[in-house]
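# Report on the structure
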Amino acid sequence: MPENSLLLVDGSYYLFRAYHAMPNLSNAEKAPTGAIYGVINMLRKLIKEQAPDYFAVVFDAKGTSFRNEIYPDYKANRPPTPEDLSCQIAPLHEIIRALGLPLLAIANVEADDVLGTLAKQAETLGMHTLISTGDKDLAQVVNDKVHLINTLNNTVLDVPGVVAKYGVAPAQIIDYLALMGDSSDNVPGVPGVGPKTAAKWLKTYGSLDLIIERAAEIGGKVGERLRANLAQLPLSRELVTLKCDVALDFSPADLIRAAPDLAVLEDHYRRWGFRSWLADTHKNNQQAAPNAPDAQETAPVYESIFTQGALDKWRAELERAPLIALDTETISLDYMSAELVGLSFAVRPGRAAYVPLAHDYPGAPEQLDREAVLAQLKPLLESDAQHKLGHNLKYDQSVLANYGIELRGVQHDSMLQSYVLDSTASRHDLDSLAKKYLDKQTTHYEDVAGKGAKQLGFNQLAVEQAAPYAAEDADIALELHQALWPKLQKVPALKRLYEEIERPLIAILSGMERNGVQIDTAMLAAQSRELAAAMQEIEQTAHALAGETFNIGSPKQIQAILYDQMALPVLAKTPTGQPSTAEAVLQELAADYELPRLILAHRGLNKLKTTYTDRLPAQINPRTGRVHTSYHQAVAATGRLSSSDPNLQNIPIRTAEGRKIRRAFIAPEGCVLLAADYSQIELRIMAHLSGDESLLHAFAAGEDIHRATAAEVFDCAPAAVSGEQRRAAKAINFGLIYGMSAFGLAKQLGIERSAARDYVQRYFARYPKVKAYMDRTRGQAREAGFVETVFGRRLYLPEITSRNAARRQYAERTAINAPMQGTAADIIKRAMIAIDAVLKTRFPAAKMIMQVHDELVFEVPEGQVDALKAEVSRLMVQAAELRVPLTVGMGSGPNWDEAH
């Protein structure tokens, strides 16, 4: 290869080619090895022949890609990976890394997208790129500096080579692929159009757009098929177009081969029976050993603790350690019923141990008694002086609480460190972060326990498999902390946010989750019956309107009734070209037609029934008799908490049926529920951030902000504002926060777009500093790439400079909204921390049991309601100092609905 060259290998292509080409090789244990041997052999040969300066092997990541979001049936026809191939993938990846070769697998995109992105980036750096693949899709990136090589016959495809092979230029490959489709990927093309026809049409017309435009000119059966499939060609083109702007946290210049890890290679070659490679590696390892005394010291040392002596030794080491990484292994993700199977600890990178406690499969080794081990570790785990860290420690805190241990001394959580640094950069699970920040491929649970119905519980895993997996979790959490903590320390505002808000919230949320809430199952059962009756009545009315019976829950049958029988206008189509029955489409149709209104009403009632009235009783914990949700700190990009199992955030409050469900959340005897809700907090934050005098005055004077806005917009006295004008002002106030356009406002208010535009213009004329704030925020976001809350939380907006108008406009709307929504999230979290401290010292019998957006719910002894009301109100108001006063609505009652 020429100087400054990059060699990229399509690892997924290599893998399947090796699997199908190699004979059925196996090692002494009869485990298949053919794919491993074939890929490594091809890589060794390729590197030797090409001698590149920069190099990477790119594989498809696990899971789906963004193309499945565009077209759910993408690759739907592909059979699952054969078991005798899938079991070779993890060891193959380990060997590639041990060879010192950069290995990439980027989530939500395919290997081809990463290859195309790296090739484009390399081109801007003046590099020459050679991609080793047999995939025709990559021909679309070929140019003077990017070529393909097929190692099957060593042919290199440059621009003339692509033309000679496919009959079209690289710039036409996308259109060529779209016309043909791809049965293996389930990409719809034009049936009957193969390579020759696609090339012929492109030679004649030049592009897919012109073929579509002039489809009437193409005769014969193939022309008929073209015209019949015109609607799906744009989708096909989108699916076959490589995404060459994948966000990568490295550049082609970082893809440098490292020195091989000879000890790891020896282990693998011995295990898989690659004798000739083993001999070479053993020889090289012996030669390197005297010159590398530190190599063994930095390799991971994971121990399994089976004896009291080993536990004593490790407990002494834990007591000396300045920081302990901790992880629990259990048989359930439900923190309330999770049974502890083992504990793992790490004291420095590579130094970790696993204590198996309840592996109970036949033939399991004898283990230390769980209660005895926990009793010995309890003083250390409950010590404030002994600092701990983990990844999502809230779960571990709850698991230990099941055994009477209050985890204290929590100093760090690597999941929250990642989330505070950049909430949108990646997922915040351990495996994703290990790859992103440490470039380490961790062992996934599925790797050791299997998948699906046959997946083993942790207690069923062989200890020799479970121990390295569990110890690695603690080890990686410690390494992530060492990588992430210095980054946080460089940004004081983020460090304060992490230390003063997110970290203290771990224990508070764990306590709230364990407190749970009592529900009235008889009331929910009655509500389920009422909902079922209402749904049946809607069905009967819908059948009468349609003139026939149909399944109101079937999108296919709804489609036939609405569009085939009733001939309603088709406002949108599915990716396959069928008229859409999505909720947004039905809502638009419902403005003019009764049947879509009935279908939407039925869907709404069905969601309430299946999600809440039917399901909540089944979610009652048999031990506590209460429902326990899970709160998530590292999900919502803006800093808001979310909840699941059950999701308490989504119970509607504006409908009578939703309020009825809240009525089933009850206080136990002798207690009441107390609800405290910030009033119009995001509008108040808007007033603070913009500094607009009219808004500041209205809030300071305690005016009805929507009436005050209506008076300004419609130029009348507040007393003269009509209900319709106040409703319009309310829509404007909240709509602007969420970036609503004049078009959206017109739809919501049912008025002409020109009238809505006039409302918005009048609003900005009366509140000029709001407009200035919005313009200023968009500009700052474009310049910095992020926006901040009042407390320094950042939301990064990579799409703010996108060439795609829709993505850019969405990022601009987010830039306006995020500082307000994020500041509101920070404020209620600060309030929760302050209130929790008061509950512990002054109201120990009261419990904080729920947080829903800007509302907190407490369970309070009847005699303490008034005193706690005053204290909660005071602390919530004091949670932030804004230029306008915060106000809190308070209520109490025997159930959540009456308290709200």
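Refer to the structure printed above.
Structure report, in brief. (Residues numbered from 1 in each chain as written. Predicted model: local features only at pLDDT ≥ 70, side-chain atom pairs only at ≥ 80, totals over all residues. Heavy atoms only, no water.)

## Considerations on the overall build of the protein
- The number of helices and strands found in the protein is 37 helices and 22 strands.
- Taking 900 residues into account, the globule formula puts the C-alpha radius of gyration at 29 Å, and the protein, at 31 Å, falls close to it.
- Its C-alpha atoms give the protein principal-axis dimensions of roughly 90 × 85 × 55 Å.
- Buried residues in the protein amount to 50% of all 900 residues.
- For the protein, the proportion of contacts with a sequence separation of at least 24, taken over those separated by at least 6, is 67%.
- When the accessible surface of the protein is split by element, carbon and sulfur atoms take 51% of a total near 40,600 Å².
- One way to put it: in the protein the 95 positive side-chain charges average out to a point 3 Å from where the 109 negative ones average out. (Helix = DSSP H or I, 4+ residues; strand = E, 2+ residues; numbered from the N terminus. Rg over C-alpha atoms; globule rule 2.2 N^0.38 Å. Buried < 20%, exposed > 50% of the residue type's maximum accessible area, 1.4 Å probe, protein only. Contact = heavy atoms within 4.5 Å. Areas by Shrake-Rupley, 256 points an atom, 1.4 Å probe, with all protein chains shown as cover. Lys, Arg positive; Asp, Glu negative; His and termini not counted. Charge placed at Lys NZ, Arg CZ, Asp CG, Glu CD.)

## Observations regarding the pairing of strand β12 (residues 410-413)
- Pairing analysis gives 3 bridges linking strand β11 (residues 388-390) to β12, with the strands arranged parallel. Bridge pairing in β12 links G390 to D413.
- Handedness of the crossover is the feature at issue here: the chain leaves β11, passes through helix α17 (residues 393-401), returns alongside β12, and the resulting connection is right-handed. (Pairing = 2+ DSSP bridges. Right-handed = clockwise from strand over helix to strand, strands pointing away.)

## Digging into helix α36 (residues 865-877)
- For α36, spanning 13 residues, the distance from its first C-alpha to its last is 18 Å, which sits close to the expected 18 Å at 1.5 Å a residue.
- By the burial criterion, the buried members of α36 are V865, L868, E871, V872, L875 and M876. Buried residues of α36, viewed axially, fall in a sector of 135°; they line one side.
- Residues of α36 that are buried make contact with β17 (671-678), α35 (805-842), β21 (855-861) and β22 (888-893). (Expected span 1.5 Å × (residues − 1). Arc of directions from axis to C-beta.)

## Comments concerning the pairing of strand β10 (residues 351-356)
- Judged by how many residues are buried, β10 sits mostly within the fold: 6 of 6 residues are covered.
- By the alternation rule, side chains of β10 split into R351, A353 and V355 and A352, Y354 and P356, which are all buried.
- In this sheet, β10 lies alongside strand β7 (residues 301-304) in parallel orientation, the contact comprising 4 bridges. Note that in β10 the partner of Y302 across the bridge is A352.
- The sheet contact formed by strand β9 (residues 340-348) and β10 spans 6 bridges and is antiparallel. Across the sheet, R348 pairs through a bridge with R351, a residue of β10.
- Counting the residues in the hairpin turn of β9 and β10 gives 2 residues, including G350, whose phi is positive at 85°.

## Re the pattern of salt bridges
- Throughout the structure, instances matching the rule amount to 52 salt bridges.
- Note that E502 and K829 form a salt bridge whose closest N and O atoms lie 2.7 Å from each other. Placement of the pair is E502 in helix α22 (residues 492-515) and K829 in helix α35, with a sequence separation of 327 residues.
- Residues joined in a network through salt bridges with shared partners are E303, K313, E317, R348 and R351. (Salt bridge = Lys/Arg side-chain N within 4 Å of Asp/Glu carboxyl O.)

## Thoughts on the sheet that holds β9
- Spatially, β7-β10-β9-β8-β11-β12 is the arrangement adopted by the 6 strands of the open sheet, whose pairing is mixed. Both edges of this open sheet fall to β7 and β12, since each of them pairs with a single strand only. The average angle at which neighbouring strand axes cross in this sheet is 25°, direction not considered.
- Contacting β8 (324-330), β9, β10 and β11, helix α16 (residues 370-381) crosses the sheet at an angle of about 40° to β9.
- This element, helix α21 (residues 463-489), spans β7, β8, β9, β10, β11 and β12 of the sheet and lies at about 45° to β9. (Axes fitted to C-alpha atoms, helices over the stretch in contact; angles between N-to-C directions.)

## Thoughts on the packing of helix α4 (residues 83-98) against helix α12 (residues 262-272)
- The interhelical angle for the contact between α4 and α12, taken along N-to-C directions, is 145°, at an axis separation of 9 Å. Considering the relative orientation of α4 and α12, their crossing is left-handed. Contacts from P91, E94, I95 and A98 in α4 reach V264, L265, H268, Y269 and W272 in α12.
- Among the residues making up the contact of α4 with α12, the classes are represented as 7 nonpolar, 1 polar and 1 charged. (Left-handed = near helix turned anticlockwise from the far one by under 90°. Nonpolar A, V, L, I, M, F, W, Y, C, P; charged D, E, K, R; others polar.)

## Some remarks on the sheet that holds strand β2 (residues 54-58)
- Strand order in the open sheet made by the 6 strands is β3-β2-β1-β4-β5-β6, with mixed pairing throughout. A strand with exactly one partner marks an edge of an open sheet, and here the two such strands are β3 (103-104) and β6 (155-157).
- Two strands pair when backbone bridges link them, and strand β1 (residues 5-10) and strand β4 (residues 128-132) are joined in this way by 5 bridges, in the parallel orientation. Of the residues in β4, the one forming a bridge with L7 is L130.

## Regarding the packing of aromatic side chains
- The final tally for this structure, using the stated rule, is 17 aromatic pairs.
- Summarising the aromatic geometry, the rings of Y354 and F458 are spaced 6.3 Å apart at their centres and angled 75° between planes, so their arrangement reads as edge-to-face. Placement of Y354 in strand β10 and of F458 in the loop between α20 (445-449) and α21 is noted, with a sequence separation of 104 residues between them. Each member of the pair, Y354 together with F458, is buried.
- Both rings, one in Y445 and one in Y469, keep their centres 5.9 Å apart while their planes meet at 55°; by these two values the pair is tilted. Taken together, the residues Y445 in helix α20 and Y469 in helix α21 connect sequence positions 24 residues apart.
- Residue classification places Y469 among the buried positions, given a relative accessible area of 11%. (Phe/Tyr/Trp six-rings, centres within 6.5 Å; stacked < 30°, edge-to-face > 60°.)

## A closer look at the packing of α22 against α35
- In the contact formed by α22 and α35, the axes pass within 9 Å of each other and the chain directions differ by 60°. Considered as vectors, α22 and α35 are oriented oblique to each other. Crossing angle aside, the handedness with which α22 passes α35 is left-handed. Along the contact surface, α22 presents L497, E500, I501, E502, P504, L505, I508, L509 and M512, while α35 presents D826, K829, R830, M832, I833 and D836.
- A breakdown of the residues in the contact of α22 with α35 according to their chemical character gives 9 nonpolar, no polar and 6 charged. (Parallel < 35°, antiparallel > 145°, perpendicular 65-115°, else oblique.)

## Let's talk about the side chain of H359
- Note on placement: H359 falls in the loop between β10 and α16.
- Setting aside chain neighbours within four positions, we find H359 in contact with V341, Y354, A364, Q367, F458, N459, L461, V463 and A466.

## Re the environment of E371
- On the secondary structure map, E371 appears in helix α16.
- You can call E371 partly exposed: its relative accessible area is 47%.

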